[in-house]
Amino acid sequence: MTQDELKQAVARAALDYVVEGEIIGVGTGSTANFFIDELAKMKDRIKGAVASSEATAARLRAHGITVFDLNEVETMPVYIDGADEINGAGAMIKGGGAALTREKIVASVAQKFICIADGSKLVDVLGTFPLPVEVIPMAASVVARKLSALGCEARLRMKDGQPLVTDNGCYILDVVGLAITAPAEIEAAINNIVGVVTVGLFARQGATVCLLGTAEGVKKLEF
């Protein structure tokens, strides 16, 4: 199976976790896009969705799915999103699609986080994938220096020759060379750096379930 076929398989499997008549939290990225396309097939059986990015909101609306502002929602049964890496304890690196802050906020309102990913995203130690850190623009250099003190390198994410700007009007530093053996502790430490909006480590509140697409079918990991 191709990587896209694996993503489509887990996206389809995630429909089992959608609670009919409720609002669903929806993530951002290529795997989440497959899920949105599958969710559209049952859009008349849900109340709507909360999107973790402007791109996700646009895709949901294009399918005729009602998009709610998170300020209108007290709680949701489930948030469904992909991951750039996930370990055996359900801790994840997210933010390859530059939506880490909104993803973390929406996930915090959900009772369950269902991670959908192809099997290559499961790792023993997080950190091979660059760790995204969203920062206030004026603090980018300051934060990069403080991250370097941890023994890693922080690179400003660029797009078309300019710093990439998130939906929140911020920049992203991608951290490389950091073996994340204690994800919750590193998440807290980086979040405490002045100028950081949030780090793309989802460890203190990780996945509840991970649906992994493999050549043998969809495998379920519960945490």
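Above this text you will find the structure in question.
Summary of the structure given here. (Residues numbered from 1 in each chain as written. Predicted model: local features only at pLDDT ≥ 70, side-chain atom pairs only at ≥ 80, totals over all residues. Heavy atoms only, no water.)

Turning next to the nonpolar core. Membership of the largest hydrophobic core comes to 27 residues, with the highest contact counts inside it found for Val18, Val26, Phe35, Leu39, Leu60, Ile80 and Leu211. Every element with two or more residues in this core is listed here: helix 1 (3-13), strand 1 (23-26), helix 2 (30-39), strand 2 (48-51), helix 3 (54-62), strand 7 (113-118) and strand 15 (209-214). Here this core gets 4 residues from one element, more than from any other, and that element is helix 2. In terms of nonpolar packing, the next biggest core, distinct from the first, is built from 23 residues, Val133, Ala139, Ala140 and Val175 among them. (Core = buried A, V, L, I, M, F, W, Y, C linked by side-chain atoms within 4.5 Å. Buried < 20%, exposed > 50% of the residue type's maximum accessible area, 1.4 Å probe, protein only. Helix = DSSP H or I, 4+ residues; strand = E, 2+ residues; numbered from the N terminus.)

Moving on to the packing of helix 2 against helix 3. Relative to each other, helix 2 and helix 3 sit at 25 degrees, their axes nearing to 10 Å. One finds that helix 2 runs roughly parallel with respect to helix 3. Between helix 2 and helix 3 lies a crossing of right-handed hand. Taking contact as the criterion, the partners of Asn33, Ile36, Asp37 and Leu39 in helix 2 are, on helix 3, Thr56, Arg59 and Leu60. Broken down by class, the residue content of the contact of helix 2 with helix 3 amounts to 3 nonpolar, 2 polar and 2 charged. (Axes fitted to C-alpha atoms, helices over the stretch in contact; angles between N-to-C directions. Parallel < 35°, antiparallel > 145°, perpendicular 65-115°, else oblique. Left-handed = near helix turned anticlockwise from the far one by under 90°. Contact = heavy atoms within 4.5 Å. Nonpolar A, V, L, I, M, F, W, Y, C, P; charged D, E, K, R; others polar.)

As a further point, take the packing of aromatic side chains. For the coordinates displayed, the defined rule picks out 2 aromatic pairs. Summarising the aromatic geometry, the rings of Tyr79 and Phe113 are spaced 5.1 Å apart at their centres and angled 80 degrees between planes, so their arrangement reads as edge-to-face. Of the two residues, Tyr79 sits in strand 4 (residues 79-81) while Phe113 sits in strand 7, which places them 34 residues apart along the sequence. Phe113 matches Tyr79 in its accessibility class, with the two residues each being buried. Their ring planes at 80 degrees and their centres at 6.3 Å tell us that Phe113 and Phe202 sit as a pair that is edge-to-face. Placement of the pair is Phe113 in strand 7 and Phe202 in strand 14 (residues 201-202), with a sequence separation of 89 residues. Residue Phe113 shares its accessibility class with Phe202, and that shared class is buried. Feature note: the residues Tyr79, Phe113 and Phe202 constitute an aromatic cluster, connected by ring pairs. (Phe/Tyr/Trp six-rings, centres within 6.5 Å; stacked < 30°, edge-to-face > 60°.)

Take the sheet that holds strand 9 (residues 153-156) next. Pairing within the open sheet is antiparallel, and its 4 strands lie in the order 9-12-8-13. Whereas interior strands pair on both sides, the edge strands pair on one side only; in this sheet they are strand 9 and strand 13 (196-199). Neighbour-to-neighbour, the strand axes of this sheet turn through a mean angle of 30 degrees, independent of strand direction. By the bridge criterion, 3 bridges tie strand 8 (residues 131-135) to strand 13 in an arrangement that is antiparallel. Bridging from a neighbouring strand, Glu134 pairs with Thr198 of strand 13. (Pairing = 2+ DSSP bridges.)

Coordinates in, geometry out; function isn't part of it.
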